[in-house]
Amino acid sequence: MSQQTDYPKIGIRPIIDGRLGGIRESLEETTMKMAQNVAALYEKELRYPDGSPVQCVIADTCIGGVYEASQCAKKFESNNVGVSLSVTPCWCYGSETMDMNPLLPKAIWGFNGTERPGAVYLAATLAAHNQFGLPAFGIYGRDVQDLGDEAIPADVKDRLLNFAQAGLAVAIMRGKSYLAIGSVSMGIAGSIVVPDFFREYLGMRNEYVDSSEVLRRVEKKIYDETEFEKALDWVKKNCKEGDDLANESNKQSSREQKDNDWQFVVKMTLIMRDLMQGNAQLKNKGFGEEALGHNAIVSGFQGQRQWTDFLPNGDFSEAILNSSFDWNGIRAPYMVATENDCFNGISMLFGYLLTNTAQIFADVRTYWSPEAVERVTGWQPDSAAANGFIHLINSGSATLDGTGQQQKDGKPVMKPFWEINADEADACLQATTWYPGNKGYFRGGGYSSKFVTKGGMPVTMCRINLVRGVGPVLQIAEGETIDLPQNVHDTLDKRTDITWPTTWFVPRITGKGAFTDVYNVMLHWGSNHGAISYGHVGDKLITLASMLRIPVCMHNVDDEKVFRPSAWNAFGSETEGADYRACNNYGALYK
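Residues numbered from 1 in each chain as written. Predicted model: local features only at pLDDT ≥ 70, side-chain atom pairs only at ≥ 80, totals over all residues. Heavy atoms only, no water.

## Overview of the overall build of the protein chain
Secondary structure summary: the protein chain contains 18 helices and 22 strands in total. Relative to the globule expectation of 25 Å for 591 residues, the C-alpha radius of gyration of the protein chain, 25 Å, shows essentially globular dimensions. In terms of overall dimensions, the protein chain has C-alpha extents of about 90 × 65 × 45 Å along its principal axes. Burial status across the protein chain gives 61% buried among its 591 residues. As displayed, the protein chain has an accessible area near 23,000 Å², and 47% of this comes from carbon and sulfur atoms. Positive and negative charge centroids in the protein chain, built from 56 and 71 side chains respectively, lie 3 Å apart. (Helix = DSSP H or I, 4+ residues; strand = E, 2+ residues; numbered from the N terminus. Rg over C-alpha atoms; globule rule 2.2 N^0.38 Å. Buried < 20%, exposed > 50% of the residue type's maximum accessible area, 1.4 Å probe, protein only. Areas by Shrake-Rupley, 256 points an atom, 1.4 Å probe, with all protein chains shown as cover. Lys, Arg positive; Asp, Glu negative; His and termini not counted. Charge placed at Lys NZ, Arg CZ, Asp CG, Glu CD.)

Dropping the structure here:
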């Protein structure tokens, strides 16, 4: 994933009144400048997952009719354009100038000015999109501007960026793979990979390897042995091992076995990465096929139980791959779902592509009411915890970025990898202890990470679920991480597995739907897993879901921030129901 260089571009279409003889000529410069200003905004504000600035492609000429529209379409096709934005300050001929590519997410910014009716073109062309079954987003500033005003108003800027980020996520996923390493884990429905969902909704293919492929590569040394030595040395220096807290003395591994486990899990990490993206070094060892990888933008590892009943677990591999740093330095995180939960893996991928930050994979484990907390600990929750909180915890696969040791303006954050410095990466490692795996769960041993996420971070939890008769649906819960008094944390944490990472989460309560209280958020969550992203990005997730025709069944995003295609307005005034009806009407994007 970090090696990709052929990222899709944003195509910008300057639309103009095609009438020559004074009208078109007077608008050429203004219209093209409008497109150039949006391109400059995108190139300044947005980055691809590798940290490079987003690239834009502008039509060679303003588009006043069908011929110029067709020339623009050809340019977009030859330049790997994956997102289409039309901009105009004036009236133009709607059906003659609109983008007709059914696979490109598309939007129109109609300038709000009185000298020329850009808003009229916007309305007319959105009507054409709706009539033709090609949903498009409409962007229209709240305040009137003067013709020639090159400023992009704040409300327009927000919509332009929201659309582009979601559109790029759609385009980046297209053609990639989900790699399932193993099969179904412990009957978890999310690890039943459903290829129709990936193909029809995401434009992705599915790749599968048996877990035995990992063991084969370990035994046949199908990995970079030089890198392995480098990685093992780094692990010894940076990954502190904790006491064996999870196992009785008669079940604890010997020192020799623990050392062997470290070597094994480091090899697993190299192999799982190579399975995803390939590794040119393997060709030099005579493994040309293995060197290619599976073009996977996200993967999942079954682990339990057939693997973990006799081999070290995948917690270390998943946690390190999901983090923004390893023995090769600071780098883009990989998306790896524990227990091969492909739907949580895709949820992680959504959050990652919208933020460029690592994602926390966790069980949505326990709702702690204020009354229960006080009964167990003697402490009455207050402040952010006053109405209870949710314990997010899983077997050590969460990104180490989730420790909250990175900082911005003195506050804990999770950053894109290119903003992380070496001290912050080291702080994440120092805040993490690797405990020998609980052999009640992991008979084959291994290591699980343990940390506690710092409080005070805005986060968004999401999850894709597949529902018979409906299809995929998306759940969203914005909220914040919280700190608990140490004695309270210790008491609550010890009631579950103390060798796993913990995030204490409080969703934002709105008094509506599933968000009447924290308990109901837990009650309405549709699976045992959730993907947690830094920041409040629920509005971006809603926009992305609408592009993919996936309805959102619960969210706590403010109504004014919800941004969906214009056509959604025609499916009823109640927005949640309209979303379902629109998605059902249009069907999966690639079907």
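Now that the structure has been shown, the text picks up again.
## Structural notes on the layout of surface pockets
Of the pockets and cavities examined, the largest pocket occupies roughly 790 Å³. Around the largest pocket, the lining comprises 34 residues; the ones closest to its centre are Q165, L354, T355, P416 and K540. Looking at the lining of the largest pocket, the elements that each hand over two or more residues are α1 (23-45), α5 (154-173), α12 (342-355) and β15 (411-413). Looking at the lining of the largest pocket, the element that brings in the most residues is α5, giving five residues. Each residue belonging to the lining of the largest pocket can be placed in one class, and the counts come to 18 nonpolar, seven polar and nine charged. The volume enclosed by the second largest pocket comes to roughly 440 Å³. (1 Å grid on protein atoms, 1.4 Å probe; cavity = no way out; pocket = protein on both sides within 12 Å on 5 of 7 lines; lining within 4 Å. Points joined across faces, edges and corners; volume = space filled by probe spheres on them. Nonpolar A, V, L, I, M, F, W, Y, C, P; charged D, E, K, R; others polar.)

## A look at the nonpolar core
One finds I10, I12, Y42, L202, M204, L349 and F350 to be the most contacted residues of the largest nonpolar core, which totals 96 residues. With 11 residues, the single largest contributor to this core is α5. Ignoring any residue separated from it by four or fewer positions in sequence, one finds L349 in contact with M173, M204, I297, V298 and M335. C239, F301, W307 and L321 belong to the second-largest nonpolar core, a separate cluster that totals 41 residues. (Core = buried A, V, L, I, M, F, W, Y, C linked by side-chain atoms within 4.5 Å. Contact = heavy atoms within 4.5 Å.)

## Considering the packing of helix α7 (residues 212-219) against helix α9 (residues 255-277)
For the pair α7 and α9, the least separation of the axes is 10 Å and the interaxial angle reads 115 degrees. As α7 runs across α9, the sense of the crossing is right-handed. Contacts between α7 and α9 pair E213, V214, L215, R217 and V218 from the former with F264, K267, M268, I271, D274 and L275 from the latter. In terms of residue class, the contact of α7 with α9 is built from seven nonpolar, no polar and four charged. (Axes fitted to C-alpha atoms, helices over the stretch in contact; angles between N-to-C directions. Left-handed = near helix turned anticlockwise from the far one by under 90°.)

## Quick notes on the pattern of salt bridges
One pass over the full model with this rule turns up 26 salt bridges. E200 serves as the salt-bridge partner of R199, at 3.8 Å between the closest nitrogen and oxygen. R199 gets classed as partly exposed once you look at its relative accessible area, which sits at 42%. On the basis of relative accessibility, which here comes to 17%, the residue E200 falls in the buried class. Through salt bridges with shared partners, one network takes in E213, R216, R217 and E290. (Salt bridge = Lys/Arg side-chain N within 4 Å of Asp/Glu carboxyl O.)

## Notes on a negative patch on the surface
The grouping of E29, E115, D146, D149 and E150 at the surface amounts to a negative patch. Tracing the sequence through the fold places D149 in the loop between β5 (137-139) and α5. Using a relative accessible area of 35% as the deciding quantity, one classes D149 as partly exposed. (Patch = residues over 30% accessible without salt bridge, like charges linked within 9 Å, V, L, I, M, F, W, Y side chains within 5 Å.)

## Quick notes on the pairing of strand β21 (residues 529-534)
In terms of burial, β21 is a largely internal element, six of the six residues being buried. In β21, alternate side chains face the same way, and those of H529, A531 and S533 on one face and G530, I532 and Y534 on the other are all buried. Sheet topology places strand β12 (residues 360-368) next to β21; four bridges connect them, and they run antiparallel. Paired with A362 across the bridge in β21 is G530. (Pairing = 2+ DSSP bridges.)

## Considering the packing of α5 against α12
Where α5 meets α12, the closest approach of the two axes is 9 Å, and the angle between their N-to-C directions is 125 degrees. Relative to α12, the element α5 lies oblique. When the axes of α5 and α12 are compared, the crossing they make is right-handed. On the side of α5, the interface is formed by Q165, A166, A169, I172 and M173, while α12 contributes L349, F350, L353 and L354. Tallied by class, the residues present in the contact of α5 with α12 amount to eight nonpolar, one polar and no charged. (Parallel < 35°, antiparallel > 145°, perpendicular 65-115°, else oblique.)

## Brief notes about the pairing of strand β18 (residues 458-467)
Along any regular strand the residues' side chains alternate between the sheet's two faces. Burial analysis of β18 places seven of its 10 residues in the buried class, which makes it a mostly covered element. In the sheet, β18 pairs with strand β19 (residues 471-481) via 10 bridges, with the strands oriented antiparallel. Bridge pairing links I464 to L474 in β19. Between β18 and β19, which pair antiparallel in sequence order, lie three residues; one of them, G469, sits at a positive phi of approximately 90 degrees. Of the strand pairs in this sheet, β18 and β21 are connected by four bridges, and their pairing is antiparallel. By the bridge assignment for β21, V459 is matched with Y534.

## Points about the packing of aromatic side chains
Per the stated rule, a full pass over the model turns up 21 aromatic pairs. For the pair F197 and F343, a centre-to-centre distance of 5.4 Å together with 55 degrees between the ring planes defines the contact as tilted. Here F197 is found in helix α6 (residues 195-202), whereas its partner F343 is found in helix α12, with 146 residues between them in sequence. The same class applies to F197 and to F343, which are both buried. The structure contains a cluster of three or more aromatic residues connected by ring pairs, namely Y178, F197, F198, Y201 and F343. Geometry around F228 places K267 over its ring, the cationic atom sitting 5.1 Å from the centre. The residue whose ring lies beneath K285 is Y223, and the NZ or CZ to ring-centre distance is 5.6 Å. (Phe/Tyr/Trp six-rings, centres within 6.5 Å; stacked < 30°, edge-to-face > 60°. Lys NZ or Arg CZ within 6 Å of the ring centre and 35° of its normal.)

## Here's the deal with helix α18 (residues 575-586)
Its 12 residues place the ends of α18 16 Å apart at the C-alpha level, agreeing with the 16 Å of an ideal helix rising 1.5 Å per residue. Buried residues along α18 sit in contact with α4 (118-132) and β22 (552-554). By the N-cap criterion, in which a side-chain oxygen at the helix start approaches the backbone nitrogen of a residue two or three places on, α18 is capped by E574, the distance to E576 being 3.2 Å. G587, located one to two residues past α18, shows a positive phi value of around 75 degrees. (Expected span 1.5 Å × (residues − 1). Polar contact = N/O pair within 3.5 Å; in protein donor to acceptor, adjacent residues only side chain to side chain.)

## Here we look at the sheet that holds strand β8 (residues 296-301)
An order of β7-β6-β8-β11 is seen for the four strands of this open sheet, with the pairing classed as parallel. Both edges of this open sheet fall to β7 (205-209) and β11 (336-338), since each of them pairs with a single strand only. On average, each strand axis in the sheet is inclined to that of its neighbour by 20 degrees, with strand direction left out of account. As judged from the five bridges shared by strand β6 (residues 177-181) and β7, these two strands associate in the parallel manner.

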